[in-house]
Amino acid sequence: MWQFIISATIVSLTAFIQTTNLVFINGLKPDLVLIVLAILAAIHKEWKIRTPLALIAIFILKFSPMINWMDVIFAATVFMAMSLVDYLPWKKLVNIIVSIMIGTIIINASAIISVVFIEELLLNLIISLIFFLVINNLYAKIIKTQKNRF
Amino acid sequence: MRKISTLSAIIVLLLLLIFGGPLFDKKLSISQSINNLLSIPSSRQEFEDKIASLEAENLKLRKQILSKDGIDSVSAKVYSSYPLNNRSEIAISAGKKNGIEVGDTVVYGDNVLVGKITNVFKSSSIVTTIFDPSWEISVRIGDNEVDALLSGGNELTLTLIPKEIEIKPGEKVVSAGSNIPYGLKIGIVRSVSDIPGGVFKKAIVEPDFQIRQLRDVAIYH
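Nothing here was measured: the structure is a model prediction, and the numbers come from that model.

A.B. asks: It is not clear to me how the packing of helix H2 (residues 32-43) of chain A against helix H4 (residues 69-87) of chain A should be interpreted in this structure. Could you clarify?
C.D. replies: When two helices pack together, you describe them by how their axes are tilted relative to each other and by the distance separating the axes. Residues and elements named next belong to chain A. Orientation of H2 relative to H4, taken along the N-to-C sense of each, is 35°, at an axis distance of 8 Å. Relative to H4, the crossing made by H2 is right-handed. Residues Leu34, Leu37, Ala38, Ala41 and Ala42 of H2 lie in contact with H4, whose contacting residues are Val78, Ala81, Met82 and Val85. A breakdown of the residues in the contact of H2 with H4 according to their chemical character gives nine nonpolar, no polar and no charged.

Listed below in structure tokens is the structure:
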């Protein structure tokens, strides 16, 4: 239960931050929510935890009161990225990075052949590595604390 | 029991996603609160930028007060910006109840063009900015008022500039499109290049503002 609450808090905060003007790096916004959800998918294997986390993020990121095509595409991308973390055959970190890269390509399908897209891919890659280290260590400590308690 | 509560939570979230439209304004104001909480200027340059934009806005407001032909405008706060990079939109705190309509022009500071209203709700609106990949308007360059077409995106590009006409870096670019007030500032020419084998040349524009600077905007009817 505590792990879900912490994950939901991380996802909510990340999603709200992604809608602000604070995360512009060289005129680009990194796909923080996609990165966080892919990493949390590696930690939470059950879809009954992954699904609410994804839905919370999609609700916060929705940029109009109605659902439009971009919301559907983003939702599909997020669920696909979380699935790929399970199905790709490599190590956990590599699976996460590859699923984030594929997610980034799908979201930006209309502008793949551009310098901006390459910059965004690189930005997402660097932030994935940083977030993976932080979130993985955080959950390792939480699990260790819970084990020591019992 | 756990399965039922998990399923219920998922159903509630799905319903929120589909029918949570009325919560949109509340969500935007939470975004704005987080933005205000976390955006502490961390460098002298940011303070100086802020002072410059406030002075420009003060000057504009003084001109309006003294001018006999007042401009019909509404001011609004910027709530948030579109979360992904394939579009450039901002949400502002003025909507139908403030008289905002689709197509209204949005400016920043001293008449710097930000974009146009593309969606209006009860107390908020969505603005498509000049950085959106779909943005295109006619513009004029420099004192000679050379016609060109401005295309949006992460890099603002001027096209359809006749090859024989000389354009220099540093020349001002202003709006000249239909449905937008004439002469709104867009930026300055940063570089000019020839298109091989073409009859036109192109230029890159250095915009007069960045999305992350936006806190307050004015909407012209």
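A.B. asks: Could you clarify how one ought to interpret the interface of chain B and chain A in this entry?
C.D. replies: Frequently, the measure chosen for interface size is the accessible area that the parts lose on association. Taken together, the contacts link 35 residues of chain B with 32 residues of chain A. For the side of chain B that touches chain A, the elements supplying multiple residues, two or more each, are helix H1 (2-19), helix H2 (24-38), strand E1 (73-81) and strand E2 (89-92) of chain B. By residue class, the composition of the side of chain B that touches chain A is 20 nonpolar, twelve polar and three charged.

A.B. asks: Can you walk me through the pairing of strand E4 (residues 112-120) of chain B in this structure?
C.D. replies: Every other side chain in a regular strand lies on the same face of the sheet, so the side chains alternate between the two faces. Residues and elements named next belong to chain B. Within E4, seven of the nine residues are buried, leaving the element largely enclosed by the surrounding structure. The antiparallel hairpin formed by strand E3 (residues 105-108) and E4 contains three residues in its connecting segment, where Gly109 sits at a positive phi of about 55°. Judged from the five bridges that link them, E4 and strand E5 (residues 125-129) form a sheet pairing that is antiparallel. Note on E5: the bridge partner recorded for Ile117 is Val127. The hairpin formed by E4 and E5 contains four residues between the paired strands.

About the thresholds
Residues numbered from 1 in each chain as written. Chains lettered and ligands numbered in written order. Predicted model: local features only at pLDDT ≥ 70, side-chain atom pairs only at ≥ 80, totals over all residues. Axes fitted to C-alpha atoms, helices over the stretch in contact; angles between N-to-C directions. Helix = DSSP H or I, 4+ residues; strand = E, 2+ residues; numbered from the N terminus. Left-handed = near helix turned anticlockwise from the far one by under 90°. Contact = placed C-beta atoms within 7 Å. Nonpolar A, V, L, I, M, F, W, Y, C, P; charged D, E, K, R; others polar. Buried ≥ 20, exposed ≤ 12 C-beta atoms within 10 Å, placed from the backbone. Pairing = 2+ DSSP bridges.

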